[in-house]
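Breakdown of the fold
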Amino acid sequence: MQEHVLVLGASLKPFRYSHIAVKTLVGHNHNVTAVGNREGLIAGVPVYKQVPGNLNGVDIITLYLGA
């Protein structure tokens, strides 16, 4: 079953857990939407600066946010 995962706090820095999480989720064939402070790509997934308007079908939300 392919789940849609929203990653909030996605980082373009490869040593950050959020970056590793996006790559791992993509490697397990999940549909990933990533939102972070900077726009870019992680494993072919675009990183948005704002949450996209249409998040219908999101199954899981993961948070990588500081205090």
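Presented here is an overview of the structure given in this document. (Residues numbered from 1 in each chain as written. Predicted model: local features only at pLDDT ≥ 70, side-chain atom pairs only at ≥ 80, totals over all residues. Heavy atoms only, no water.)

Helix and strand counts for the chain stand at one helix and five strands. Written out in order from the N terminus, the α and β elements of the chain read β-α-β-β-β-β. A compact globule built from 67 residues would reach a C-alpha radius of gyration of about 11 Å, and the chain, at 11 Å, matches this within 12%. Residue pairs at least 24 apart in sequence account for 57% of intrachain contacts in the chain once pairs closer than 6 positions are excluded. Counting every atom, the chain has about 4,600 Å² of accessible surface; 52% of that belongs to carbon and sulfur. (Helix = DSSP H or I, 4+ residues; strand = E, 2+ residues; numbered from the N terminus. Rg over C-alpha atoms; globule rule 2.2 N^0.38 Å. Contact = heavy atoms within 4.5 Å. Areas by Shrake-Rupley, 256 points an atom, 1.4 Å probe, with all protein chains shown as cover.)

We now examine the side chain of His19. Along the chain, the position of His19 falls in helix α1 (residues 17-27). Every residue in contact with His19, bar those within four places of it in the chain, is listed here: Ser11, Leu12, Lys13, Pro14 and Ile42.

For the rest of this paragraph, the subject is the nonpolar core. Formed by Val5, Val7, Ala10, Val22, Leu25, Val32, Ala34, Ile42, Val45 and Val47, the largest nonpolar core amounts to ten residues. Secondary-structure elements contributing two or more residues to this core are β1 (4-8), α1, β2 (31-35) and β4 (45-48). Apart from residues no more than four positions distant in its own chain, Val5 is found in contact with Leu25, His30, Asn31, Val32, Thr33, Ile60 and Thr62. (Core = buried A, V, L, I, M, F, W, Y, C linked by side-chain atoms within 4.5 Å. Buried < 20%, exposed > 50% of the residue type's maximum accessible area, 1.4 Å probe, protein only.)

By themselves, these are just geometric observations and shouldn't be taken as functional.
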